[in-house]
Amino acid sequence: MSKLLATLLGLLLALACTPASAAQLPKDSVYALPLPLVDQDGRAFDWRERRGKAQLVSMFYTSCQYICPLIVDSGKAIERQLSASERARLGLLLISMDPARDTPAALAKVATQRKLDATRWTLARPRPQDVRSIAGLLGIRYRLLEDGEFNHTSALVLLDAEGRIIARTERMGSRPDPEFLAAVKRALATD
Amino acid sequence: MRRLAALLLLLPLAGLAAGVGEYVKLPGGAFRTALKYEDRTGPTRIAPFEMMRTPVSNARFLAFVRKHPQWRRDRVASVMAEPRYLSHWAGATTLGDAVRPEQPVVQVSWFAAQAYCEAEGARLPTWDEWEYAAAADETRRDARRDPRWRERILSWYSRPSNAALQRVGLQAPNAYGVQDLHGLVWEWTEDASALMIAEDNRNQGDADNARFCGAGALSMDDRDNYAVLMRVAMLSSLGARDTTANMGFRCVKDLP
């Protein structure tokens, strides 16, 4: 009897553990690209694990003095406009375009300095060979300069739970782009 | 009957195809680009590399798509290829009568081109490598100062782009043995998205600086070199999932 119960429980668990991940990815999901990343704690993961939750995604690099701090500001500005329950349903992912120098330690330093809540914010570095592909998916252009800085465009990209790009803004800074903010709120309301 | 005729037409290609897909060695060295990089002074160092003699043909891309079905036009992720991807082929795995196997493949996105090269154990050329290889004519490694050579390239640009594309490998090899760098199709580069110039070249001086972080925007150092200017304008206007009716690609490999 207990054996049967265990089997049944096992079956139930198996069913419960086959959520969205087993379902087919929509054709317009950026998660079509397998993307191994390492975060500010040195933890390795694939961005496809983020499926199931809306994400705010951008690219940056830690030694950037000018625009990249503004990218963090932009994410924080959006967060400030959200309710606690909305905030809890949004992930923020900043992917480095400078994996050679953005070690987990360098990423952790920015996370600490900028007081980023680790339950929501992930700063991560990709493999060098993946940087152009991520940038291509997110519509970000960049070039490594002779002095080690990058010339790049900046964007905040909103992904729905399935990894579909549903909004995008190039307006950076502490005053959120109203249309973009509205899209974030809509995404969190329907999730 | 029509099919038989098509088959007969294809027969002589067996011999021609010998050079298709081959790589030729380029020595590299110091190269002066026609672009003006605010951050770069002096010539660019190009490491030795191998480059495909011709752009990738429909036949070769079809073989790739059959082997890697995730790149079929009916299965590809739409974030990696827009709806026009391979739209000129008759079907997902058939070229049809209107598309010749030895024409360069076009309507391919950057992602698809990248995946093809990766499957070959190769990569897309960087812009530097492409510009360096394309500076040569049949006899000189750098023919860019020759007005007649520039005229020849520009006369291609003025041809209507709705005419059927020629086969790959019909043009005479350049000084390195590479063919079709001009006069056939535009070609993707690995760092196409690094070519950041204003969409409208007339506004070069007052680009929207807010779009870019830091200095280092591009402009033309050699304003007479329209051929390069047009390539850069083309690449800088495309996203990685975009395809066009005259955009193809070729791959390169590093040399030890």
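Residues numbered from 1 in each chain as written. Chains lettered and ligands numbered in written order. Predicted model: local features only at pLDDT ≥ 70, side-chain atom pairs only at ≥ 80, totals over all residues. Heavy atoms only, no water.

### Considerations on the overall build of chain A
- The helix and strand tally for chain A stands at six helices and nine strands.
- Counting only residues that meet the buried cut, chain A has 51% of its 191 residues in that class.
- Sequence-distant contacts, at least 24 apart, represent 71% of the contacts inside chain A between residues at least 6 apart.
- When the accessible surface of chain A is totalled, it reaches about 9,200 Å², and 57% of it is carbon and sulfur. (Helix = DSSP H or I, 4+ residues; strand = E, 2+ residues; numbered from the N terminus. Buried < 20%, exposed > 50% of the residue type's maximum accessible area, 1.4 Å probe, protein only. Contact = heavy atoms within 4.5 Å. Areas by Shrake-Rupley, 256 points an atom, 1.4 Å probe, with all protein chains shown as cover.)

### What to know about the interface of chain B and chain A
- Counting from both sides, the interface comprises 33 residues of chain B and, opposite them, 25 residues of chain A.
- For the pair chain B and chain A, the two sides together bury roughly 2,300 Å², of which 54% comes from carbon and sulfur.
- Our enumeration of links across chain B and chain A arrives at three salt bridges.
- For the salt bridge of Asp39 of chain B with Arg143 of chain A, the shortest nitrogen-to-oxygen distance reads 3.1 Å.
- For the pair chain B and chain A, the interface holds twelve residue pairs in polar contact (both at pLDDT 80 or more).
- For the side of chain B that touches chain A, the elements supplying multiple residues, two or more each, are α4 (110-119) and α7 (226-237) of chain B.
- Top contributing element to the side of chain B that touches chain A by residue count: α4 of chain B, with three residues. (Buried area = accessible area lost by both parts, 1.4 Å probe. Salt bridge = Lys/Arg side-chain N within 4 Å of Asp/Glu carboxyl O. Polar contact = N/O pair within 3.5 Å; in protein donor to acceptor, adjacent residues only side chain to side chain.)

### Side note on the environment of Arg125 of chain A
Residues and elements named next belong to chain A.
- By the element assignment, Arg125 lies in strand β5 (residues 121-126).
- Other than its neighbours up to four places away in sequence, Arg125 contacts Pro36, Leu37, Val38, Ser96, Pro99, Ala100, Asp102, Thr103, Pro104 and Leu107.
- Among the polar contacts made by the side chain of Arg125, one reaches the main-chain carbonyl oxygen of Pro99 at a distance of 2.7 Å.

### Focus: the sheet that holds strand β2 (residues 44-46) of chain A
Residues and elements named next belong to chain A.
- Read across the open sheet, the seven strands follow the order β2-β1-β5-β4-β3-β8-β9; overall the sheet is mixed. Each end of this open sheet is capped by a strand with a single partner; those strands are β2 and β9 (165-169). Taking each pair of neighbouring strands and ignoring which way they run, the sheet shows an average axis angle of 30 degrees.
- Sheet topology note: the strand β8 (residues 156-159)/β9 ladder contains four bridges and is antiparallel. Across the sheet, Leu158 pairs through a bridge with Ala167, a residue of β9.
- Here helix α4 (residues 104-113) sits on the sheet in contact with β1 (36-39), β3 (54-60) and β5, set at roughly 155 degrees to β5.
- Docked against the sheet, helix α5 (residues 131-138) engages β3, β4 (90-96), β5, β8 and β9, running at close to 125 degrees with respect to β3. (Pairing = 2+ DSSP bridges. Axes fitted to C-alpha atoms, helices over the stretch in contact; angles between N-to-C directions.)

### Quick notes on the confidence of the model for chain B
Residues and elements named next belong to chain B.
- The predicted model of chain B has a mean per-residue pLDDT of 84, with 80% of residues at 70 or higher.
- Note that pLDDT drops below 50 for residues 7-18; the model gives that stretch five contacts with residues more than four away or on any other chain.
- Here residues 198-216 scores under 50 on pLDDT; set against residues more than four positions off or in separate chains, the count is 33 contacts.
- Predicted complex metrics record ipTM = 0.85 and pTM = 0.86. (pLDDT = per-residue confidence, 0-100.)

### Considering the packing of aromatic side chains
- The final tally for this structure, using the stated rule, is 15 aromatic pairs over all chains.
- Judged by centre distance (5.4 Å) and plane angle (85 degrees), the ring pair of Tyr31 of chain A and Trp47 of chain A falls under edge-to-face. Highlighted residues: Tyr31 of chain A in the loop between α1 (2-16) and β1 and Trp47 of chain A in the loop between β2 and β3, separated in sequence by 16 residues.
- A relative accessible area of 3% means that Tyr31 of chain A is categorised as buried.
- Note on Trp47 of chain A: relative accessible area 0%, which makes it buried.
- With 5.3 Å between their ring centres and 80 degrees between their planes, Trp110 of chain B and Phe111 of chain B make a pair best called edge-to-face. A single burial state applies to Trp110 of chain B and to Phe111 of chain B, both of which are buried.
- One aromatic cluster in this structure is built from Phe61, Phe64, Trp89, Tyr116 and Phe249 of chain B.
- Here Lys253 of chain B stacks its cationic end above the ring of Tyr23 of chain B, 4.4 Å away from the centre of that ring. (Phe/Tyr/Trp six-rings, centres within 6.5 Å; stacked < 30°, edge-to-face > 60°. Lys NZ or Arg CZ within 6 Å of the ring centre and 35° of its normal.)

### Re the pattern of salt bridges
Residue and element names in this part refer to chain B.
- In the structure shown here, the tally under the stated rule is 27 salt bridges over all chains.
- Put simply, Arg72 and Asp74 hold a salt bridge, and the shortest N to O gap is 2.7 Å.
- Each of Asp137, Arg140, Asp146 and Arg148 takes part in one network of salt bridges that share partners.

### A few points about unusual backbone geometry
Residues and elements named next belong to chain B.
- One non-glycine residue, Leu86, lies in positive phi territory at about 55 degrees.
- Along the chain, Leu86 turns up in the loop between α3 (58-67) and α4.
- Look at Asp180: it is not a glycine, yet its phi comes out positive at around 70 degrees.
- With respect to the helices, strands and loops of the structure, Asp180 is situated in the loop between α6 (147-157) and β6 (186-187).

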